[in-house]
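# Structure at a glance
Take a look at the letters that make up each chain.
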Amino acid sequence: GVAAGYAAREFVARGVAAGSVLIVSRESVAPYERPALSKGFLSADPPARLPGFHTCVGGGGERQTPAWYAEHGIELALGETVTSLDASARRIALASGASVTASDALIVATGAGPVRLDKLPGAQLAGVHYLREHDEGLDLHNELKAIANAGDRTVVCLGGGYIGMEVAAAAAAVGCTHVTMVFPEDHVMPRLFTPELAARYEERYAEKGVQMLKGGRIAKAFHAAQGNSGSVGKVELGRLGEGDAPAESEQVPADLVVVGVGARPEVALLRGQVEMDDATGGVRVDAAMQTSAAGVYAVGDIASFELSLYGDGRRVRMEHVAHARASAAAAVRAAMGDAPSSYDYVPYFYSRVFDLSWQFFGDAPTDADTVLLGDMKPKLFAAWLHDGRVTGVFMESPSADDSASLRAVAIARPHATAAELNAAASPDAALALLAARCSSA
């Protein structure tokens, strides 16, 4: 995945000896920029394909094709599954029967896997998809194109987060005429967006013909298509009930279903061997990404680390490509004797759908006051204020300079009031006001 590719880049930059690094991956392709799978991989014309988005092109580096790894003496063991791990010995066992012992460092970058609905009736029907790996993306793209070409067919996306929003947008973009999103929350992106911010994006989805079924709706079962018992044809929905009241039920057409209802860190290999963080579900690491087992590092989605930016001791897991890249590099530095004293990560999230592209930096406390400015023509700005300071900032369609300013504001957390920001003439003016206060924050 992403972390493995960026670890390889850091090893090479630090002059690692040829033949001393081995990457083991369940996937059959060399590390790539995973966010592309729900974006250009599905909807671009022509669609993004390997080798175009091998790491580290997303981070401004070289395109690390299999030939790049060979040239730098890094061995790729692709299509291999790790069946067990001995942290104290830094040894892994593979499904092929082989075992490998790391003499100096073992970096675990197993990521997060999708929450699966395998226990629901009909979950094994053809046409029910998950999107995490390259081959899953290929299958999904091919089926989306087939549905678009067939005409009167329906795509259902379960979930109102990144996967649900990005796949629904991709389906509409490639020509699927009926696209429905289903999720239990009251609005999209509930972990970040305020209702007012979400409404702006929901309006754009409606303009593109995407229907949203929300407000407690969840999938209860998948039903086979009429005349084709092996493929999905409908999704049965229920509503999250209150108390002992019976839940309502409805059925919606579904010629293809994409399940995007969350992710869980893949920590099974390490559980019981290193210290875990029950609050986040991740593996507890220090600033160098080292676990409680000497020489064993956990990076990316599975790492529970102290977010030093806020100085309050909070531990977090970040399921984001920026953290995967940065944590992998930190682990490599530590493994080569240059352990960082702190992990200075700034929370960052982004998405691209239709002709929209937003970025968020910082923290969005649930009890914060929020300000929303702009008309999405093209910009929209939001800020989260807590105890008189700006903790998080958001912008639709930011320039490169805007992105740098957003990040600076998130780090400095300047003082501001909602009244000051609401008085700004535009999103650009609001951001400029905050950026000017960063040096004195």
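Here is what the cut-offs are and how they apply
Residues numbered from 1 in each chain as written. Predicted model: local features only at pLDDT ≥ 70, side-chain atom pairs only at ≥ 80, totals over all residues. Heavy atoms only, no water. Helix = DSSP H or I, 4+ residues; strand = E, 2+ residues; numbered from the N terminus. Polar contact = N/O pair within 3.5 Å; in protein donor to acceptor, adjacent residues only side chain to side chain. Contact = heavy atoms within 4.5 Å. Phe/Tyr/Trp six-rings, centres within 6.5 Å; stacked < 30°, edge-to-face > 60°. Buried < 20%, exposed > 50% of the residue type's maximum accessible area, 1.4 Å probe, protein only. Lys NZ or Arg CZ within 6 Å of the ring centre and 35° of its normal. Pairing = 2+ DSSP bridges. Axes fitted to C-alpha atoms, helices over the stretch in contact; angles between N-to-C directions.

## What about the side chain of R217?
The residue R217 is located in strand β12 (residues 217-225) in this model. There is a polar contact of 3.0 Å between the side chain of R217 and the backbone oxygen of K214. Among the polar contacts made by the side chain of R217, one reaches the side chain of E250 at a distance of 2.5 Å. For R217, the residues in contact, after removing those within four places along its chain, are V182, F183, P184, L237, G238, R239 and E250.

## Observations regarding the packing of aromatic side chains
Taken as a whole and assessed by the stated rule, the structure comprises 17 aromatic pairs. Judged by centre distance (6.5 Å) and plane angle (25°), the ring pair of F349 and F360 falls under stacked. Linking F349 in strand β22 (residues 348-353) with F360 in strand β23 (residues 356-362), this pair joins segments that are 11 residues apart in sequence. The class of F349 is buried, set by a relative accessible area of 19%. Counting every residue linked through ring pairs, the aromatic cluster contains Y162, F193, Y201, W358 and F394. The aromatic ring of F41 is capped on one face by R49, whose charged end is 4.0 Å from the ring centroid. In this structure, R116 packs its charged tip against the face of Y130, placed 4.0 Å from the ring centre.

## A short note on the sheet that holds strand β3 (residues 82-86)
By way of backbone hydrogen bonds, the strands of a sheet pair with one another, either parallel or antiparallel. In spatial order, the strands read β3-β4-β5; together these 3 strands make up an open sheet with antiparallel pairing. Strands with a single pairing partner mark the edges of an open sheet, and in this sheet they are β3 and β5 (99-101). Taking each pair of neighbouring strands and ignoring which way they run, the sheet shows an average axis angle of 15°. As paired elements, β3 and strand β4 (residues 91-94) share 4 bridges and run antiparallel to each other. When the sheet's bridge partners are listed, D86 is paired in β4 with R91.

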